[in-house]
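Given next are the chains, with one letter for each unit.
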Amino acid sequence: MARLPVIVGNWKMNLTRSAAADLVQQLRTELDAVRDVEVGVCPVFTVIPLVAPLLAGSAIRFGAQNVAWADSGAFTGEVSGEMLRELGCSYAIVGHSERRQHFGETDERVNARAKAALRWDLTPIVCVGETLKQREADETMTVVTAQVQGCFAGWTAAEARRAIIAYEPVWAIGTGKVATPAQAQEVHAVIRALLTRLFDAGTAQSIRIQYGGSVKPDNVEELMAQPDIDGALVGGASLKAKDFVPLVKFK
Ligand code: PGA
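Quick summary incoming for the structure in this document.

**Points about the packing of aromatic side chains**
Any pair of aromatic rings gets described here by the distance separating the centres and the angle formed by the planes.
Okay, so step 1: Under the defined criterion, the tally for this structure stands at 4 aromatic pairs.
Okay, so step 2: Their ring planes at 65° and their centres at 4.8 Å tell us that phenylalanine 152 and tryptophan 155 sit as a pair that is edge-to-face. Here phenylalanine 152 matches tryptophan 155 in class, with each residue buried.
Okay, so step 3: Between phenylalanine 152 and phenylalanine 199, the ring centres sit 6.5 Å apart and the planes meet at 85°, which makes this aromatic pair edge-to-face. Placement of phenylalanine 152 in the loop between α7 (140-151) and α8 (157-160) and of phenylalanine 199 in the loop between α9 (181-198) and α10 (201-206) is noted, with a sequence separation of 47 residues between them. In terms of burial, phenylalanine 152 and phenylalanine 199 fall into one category: buried.
Okay, so step 4: Three or more aromatic residues link up through ring pairs in this structure, and these residues are Phe152, Trp155 and Phe199.
Okay, so step 5: For arginine 99, the ring lying beneath its charged end belongs to phenylalanine 103, and the centroid distance is 4.1 Å.
Okay, so step 6: The residue whose ring lies beneath arginine 109 is tryptophan 69, and the NZ or CZ to ring-centre distance is 4.1 Å.

**Remarks on the site of the ligand**
Okay, so step 1: Taken together, the neighbourhood of the ligand is formed by 13 residues, with Lys12, His96, Glu168, Gly174 and Ser214 sitting nearest.
Okay, so step 2: The contact in question runs from an oxygen atom of the ligand to an N or O atom on the side chain of lysine 12, over 2.7 Å.
Okay, so step 3: Between an oxygen atom of the ligand and a main-chain N or O atom of glycine 235, the distance comes to 2.8 Å.
Okay, so step 4: When the ligand is considered free in solution it has 290 Å² of accessible area, and contact with the protein chains removes 96% of it.
Okay, so step 5: Split into classes, the residues belonging to the shell around the ligand amount to 4 nonpolar, 7 polar and 2 charged.

**Focus: the pairing of strand β1 (residues 6-10)**
Okay, so step 1: Most of β1 is tucked away: 5 of the 5 residues are buried.
Okay, so step 2: By the alternation rule, side chains of β1 split into Val6, Val8 and Asn10 and Ile7 and Gly9, which are all buried.
Okay, so step 3: For the handedness criterion, the β-α-β arrangement of β1, helix α1 (residues 17-31) and strand β2 (residues 38-42) is classed as right-handed.

**Some points on the pattern of salt bridges**
Okay, so step 1: According to the stated counting rule, one finds 19 salt bridges in the structure shown.
Okay, so step 2: The partner of arginine 208 in a salt bridge is glutamate 38, and the shortest N-O contact between them spans 2.9 Å. Separated by 170 residues along the polypeptide, arginine 208 in strand β7 (residues 208-212) and glutamate 38 in strand β2 bring together distant segments of the chain. Per residue, the accessibility class of arginine 208 equals that of glutamate 38, and both read buried.
Okay, so step 3: For arginine 119, the salt bridge is made with aspartate 71, and the minimal N-O distance between the two is 3.1 Å. In this pair, arginine 119 sits in helix α5 (residues 107-119) while aspartate 71 sits in the loop between β3 (61-64) and α3 (81-86), placing the two residues 48 residues apart along the sequence.
Okay, so step 4: Residue arginine 119 is classed as partly exposed on the basis of its relative accessible area of 45%.
Okay, so step 5: Note on aspartate 71: relative accessible area 26%, which makes it partly exposed.
Okay, so step 6: In this structure, a network of salt bridges that share partners links the residues Arg3, Arg192, Asp228 and Asp230.

Thresholds applied
Residues numbered from 1 in each chain as written. Predicted model: local features only at pLDDT ≥ 70, side-chain atom pairs only at ≥ 80, totals over all residues. Heavy atoms only, no water. Phe/Tyr/Trp six-rings, centres within 6.5 Å; stacked < 30°, edge-to-face > 60°. Buried < 20%, exposed > 50% of the residue type's maximum accessible area, 1.4 Å probe, protein only. Helix = DSSP H or I, 4+ residues; strand = E, 2+ residues; numbered from the N terminus. Lys NZ or Arg CZ within 6 Å of the ring centre and 35° of its normal. Near = heavy atom within 4 Å. Polar contact = N/O pair within 3.5 Å; in protein donor to acceptor, adjacent residues only side chain to side chain. Areas by Shrake-Rupley, 256 points an atom, 1.4 Å probe, with all protein chains shown as cover. Nonpolar A, V, L, I, M, F, W, Y, C, P; charged D, E, K, R; others polar. Right-handed = clockwise from strand over helix to strand, strands pointing away. Salt bridge = Lys/Arg side-chain N within 4 Å of Asp/Glu carboxyl O.

These results come straight from atomic positions and should not be treated as a statement about function.
Here it is, written out as structure tokens:
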């Protein structure tokens, strides 16, 4: 089954308003005509209302880096799916390793956050990935399997089809140390086989699995050539048009 590649920039806690506006305008000029790749950017919450009108009528989508599991109420510091939906967001990243590491995110919470995204018609980008210690202890497949099982526990196949999964080995994030295409493909294939067991073959074939971790213009093509790699979640190289544009136009 042909899956439309999806490349999303995760700006993390970077770019204030003027820098974000400059970048988005450059991306519009360069990427508006791209149709064979779905392109998105995820700015910080405060910049989303600025980016939204700048991307009106553009093929470039935008989203948030997190979403609350609840829809409203006493959740200081959180932002709900409804609030993101009203800004026109398409995506919500959930379970990024930085949230797992610094903010105590668990698979159970990630599951609930992703479900909240679906309630508001946002595509959850569900992040999983092992640490260096876990890889060295040969625990990669066990860890990633448990994360995917936990994040999708209780989901129907129809719900799962609306998600994107991002496999991001923690040791490759922001380190310049990219997984080899073979290393990434091996994990992606395990995730897809797991999705077949959890749901069904058709669902597993339709879910897009992004790779993330030091994706750059010079390594994106060989990663994307792998049969189970359907896109990229990009941190550092999404902050400058001179990096992100050639990365999206990898072919
Ligand atoms: P990086 O970040 O591209 O800077 O390694 C990827 C991510 O954290 O999504």
